[in-house]
Amino acid sequence: MKRHFIILMLLAACFLATSCEQDLPVYDYPDNELNFSLTLNNVTGIAEETSYSFVFAGSNVQKDTVWFTVNTQGFLSDQDRSFEMRQVSAGEGQKDAVAGQHYVAFDSEEMKKFLIVPAGANTVKVPVLVLKDPSLETEDVRLYFEIKENENFKQGLPPYRTAKLVISNQLSKPTNWSSMYLDYYFDAYGPVKHRFMIDNTGLAWDEAFISTLSDFGYIAYLATKLYKAVEAENAARAARGEDILKEADGTPVTFSFGAYYV
């Protein structure tokens, strides 16, 4: 009886396995689409902006590259496939970048050679060529762009359709300053503070660097270093009869978290 029971159980398992295999759907997604690899705000679900400033590139740099990643959705191809991009408005109250002035146009011959998904690939790095226009010294511009549908690709999932780039030649708040909790570790952002942090640590304090700040001990070390540095700066200012270091609106430059480790 026990032997018969085991045989029946084995037959049932084989039947279930066969049934499961037969029930699995065949992948048959009809469209080939492209999605930008973007960081979504964990509250709103909207793609975050990427910032680029010529401040970090050096005075002689007139054109630079900001890289974005594009992922395919659909079947792979054994042939190279071209795709297209187009600018979209950043919205009311925002200053849109101008092709040929702030960036190399997406439909230019210089750019077209980069807008290719190689045969067998499902991801590609896409350069955005930014230009150092004099206007960037006094204002930021925004370059929002998306995939333009062609014979090879359609637009992908809504949250990953529009890439957002802020271009400037001045210090501006990194988009991940708050999401990486720098408001807690280094107090509120300000451009004077930003420049002070760069000058007194030798670090860029841009989005790329901030994204690497995961070691609490290192963060505490930087906060302490900056706390001591601003204390020394303010003492030197007092000796000269000057006010403490402040932002343009009068907000003092502080690093209060570092005081706990002095």
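Below is a short write-up of the structure.

Analysis parameters
- Residues numbered from 1 in each chain as written.
- Predicted model: local features only at pLDDT ≥ 70, side-chain atom pairs only at ≥ 80, totals over all residues.
- Heavy atoms only, no water.
- Pairing = 2+ DSSP bridges.
- Helix = DSSP H or I, 4+ residues; strand = E, 2+ residues; numbered from the N terminus.
- Axes fitted to C-alpha atoms, helices over the stretch in contact; angles between N-to-C directions.
- Buried < 20%, exposed > 50% of the residue type's maximum accessible area, 1.4 Å probe, protein only.
- Contact = heavy atoms within 4.5 Å.
- Core = buried A, V, L, I, M, F, W, Y, C linked by side-chain atoms within 4.5 Å.
- Salt bridge = Lys/Arg side-chain N within 4 Å of Asp/Glu carboxyl O.

Here we look at the sheet that holds strand β8 (residues 141-148)
Here is step 1 of the chain: A sheet is described by the order of its strands in space; here four strands give the open sequence β2-β10-β8-β5, paired in mixed fashion. A strand with exactly one partner marks an edge of an open sheet, and here the two such strands are β2 (50-53) and β5 (84-88). Across the sheet, the mean angle from the axis of one strand to that of its neighbour is 30°, orientation sign disregarded.
Here is step 2 of the chain: Bridge count for β8 against strand β10 (residues 162-168) is six bridges, and the pairing is antiparallel. The residue of β10 that forms the bridge with arginine 142 is valine 166.

Some thoughts on the side chain of asparagine 234
Here is step 1 of the chain: Along the chain, asparagine 234 turns up in helix α6 (residues 216-239).
Here is step 2 of the chain: Relative accessible area serves as the criterion here: at 15%, asparagine 234 is assigned to the buried category.
Here is step 3 of the chain: Once residues lying within four places of it in the same chain are set aside, the contact partners of asparagine 234 are Ile244 and Leu245.

As for the nonpolar core
Here is step 1 of the chain: If you look at the biggest cluster of nonpolar residues, it comprises 34 residues, and the most contacted ones within it are Phe83, Met85, Leu143, Phe145, Leu165 and Ile167.
Here is step 2 of the chain: Those elements giving two or more residues to this core turn out to be β1 (33-36), β3 (63-73), β7 (123-131), β8 and β10.
Here is step 3 of the chain: With six residues, β7 is the largest single contributor of residues to this core.
Here is step 4 of the chain: The residues contacting leucine 165, other than those within four sequence positions of it, are Thr50, Ser51, Tyr52, Val66, Phe68, Val128, Val130, Val141, Arg142, Leu143 and Tyr144.
Here is step 5 of the chain: By size, the runner-up hydrophobic cluster in this structure holds 23 residues, among which are Leu182, Tyr189, Ala229 and Phe257.

Digging into unusual backbone geometry
Here is step 1 of the chain: At tyrosine 181, a residue that is not glycine, the phi angle is positive and equals roughly 65°.
Here is step 2 of the chain: By relative accessible area, tyrosine 181 is classed as exposed at 57%.
Here is step 3 of the chain: We note that aspartate 187 has phi near 70°; this positive angle belongs to a residue other than glycine.
Here is step 4 of the chain: Note that aspartate 187 resides in the loop between α3 (182-186) and α4 (191-201).

Considering the pattern of salt bridges
Here is step 1 of the chain: Considering all chains together, one arrives at 10 salt bridges under this definition.
Here is step 2 of the chain: Here arginine 142 and glutamate 49 are joined by a salt bridge, their closest N and O atoms 2.7 Å apart. You can see arginine 142 sitting in strand β8 and its partner glutamate 49 sitting in the loop between β1 and β2, a full 93 residues away along the chain.
Here is step 3 of the chain: Between lysine 246 and aspartate 243 there is a salt bridge, with the nearest N and O atoms lying 2.9 Å from each other.
Here is step 4 of the chain: Accessibility expressed as a relative area gives 32% for lysine 246, which makes it partly exposed.

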